[in-house]
Amino acid sequence: MAAFETIRHDVTICMFDLYGTVVDMQGGLTQAVTPYLKAKDWPGEPSRLVTWWRRTHFENSMIDGLLHRAHIPYREIGRISLSYTLERAGIAHTQEEVKRLVAEIERLQPFPDAVEALTRLKRKYRLVILSNGDPDMLEAIKPHLGIKFDRVISVAEAGCFKPHAAAYRKAAEIMAARPEEILFVASHAFDCVGAKAFGMRAAFIDRRKQPYGDWPYQPDLVVGDLRALADLLQ
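What you are looking at is a predicted structure, and each value in this text was computed from that prediction instead of being measured.

**A closer look at the pattern of salt bridges**
On inspection of all chains with the given rule, the structure shows 20 salt bridges. Note that R75 and E106 form a salt bridge whose closest N and O atoms lie 2.5 Å from each other. Pair noted here: R75 is in helix α4 (residues 74-88) and E106 is in the loop between α5 (95-102) and α6 (114-121), with a separation of 31 residues, a long-range link. Judged by relative accessible area, R75 falls into the partly exposed class, the value being 30%. Under the relative-accessibility criterion, E106 is labelled buried at 14%. In this structure, R178 and E181 form a salt bridge, with 3.5 Å as the shortest nitrogen-oxygen distance. Here R178 falls in the partly exposed class, since its relative accessible area comes to 47%. Connected via shared salt-bridge partners are R75, E106, D134 and D136.

**Details of empty space enclosed by the protein**
In the structure shown here, the tally under the stated rule is one cavity of 30 Å³ or more. Space inside the largest cavity adds up to approximately 30 Å³. Counted by class, the lining of the largest cavity contains two nonpolar, two polar and three charged residues.

**A look at the nonpolar core**
Residues M15, F16, Y19, I105, L229 and L233 are the most contacted members of the largest nonpolar core, which totals 78 residues. Other than its neighbours up to four places away in sequence, Y19 contacts M25, Y74, I105, L108, S131, G133, M137, L138, I141 and H188.

Cut-offs applied
- Residues numbered from 1 in each chain as written.
- Predicted model: local features only at pLDDT ≥ 70, side-chain atom pairs only at ≥ 80, totals over all residues.
- Heavy atoms only, no water.
- Salt bridge = Lys/Arg side-chain N within 4 Å of Asp/Glu carboxyl O.
- Helix = DSSP H or I, 4+ residues; strand = E, 2+ residues; numbered from the N terminus.
- Buried < 20%, exposed > 50% of the residue type's maximum accessible area, 1.4 Å probe, protein only.
- 1 Å grid on protein atoms, 1.4 Å probe; cavity = no way out; pocket = protein on both sides within 12 Å on 5 of 7 lines; lining within 4 Å.
- Points joined across faces, edges and corners; volume = space filled by probe spheres on them.
- Nonpolar A, V, L, I, M, F, W, Y, C, P; charged D, E, K, R; others polar.
- Core = buried A, V, L, I, M, F, W, Y, C linked by side-chain atoms within 4.5 Å.
- Contact = heavy atoms within 4.5 Å.

Below you can see the structure in the form of structure tokens.
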């Protein structure tokens, strides 16, 4: 309870992961790939292929962060990852087809609870997105979000993907805020771990009912969805 009261007293910014926290990435990409896979006569489950794609994307993002080379854009990581996933699944494809599917990320829709919950939170907090997405991808998705955020920040500003500390540091600098004034909100444990390790507060949105893990960087709040978060913080 003490930690909760501290959050309500100190936090002025709610900073959100976008893909999978505010917008439904798994559902949206599954819907996008289903007709494509049907046309390819692939007998597998589309949602499983999307899971393979997303896991490969995450792995490749982490590899990029360890290379100490120029930051590879999110869209290009997506192309590399989906192309690899389709090859693993034995699905013949062209790079133009892959690029069209990756572009569906720019049209993802918010979760059903998101807009109403964010509208309530906006009455008290500045709302910010910190996303691994490229700046142009984030600009393209804005009309689909259903609410205007105070700031939408790409990790391209920092030159590295989350959960690198530089991504959270750059976001805090852009917002001219101390880490403890920011509540980072994500449905991915790795993102909450990264934010907490940097010094932000963190709220874990446990949409998938999966363990957080025995990290030393535990979230300050755990809720089932954004509506429950708004109920606590408004």
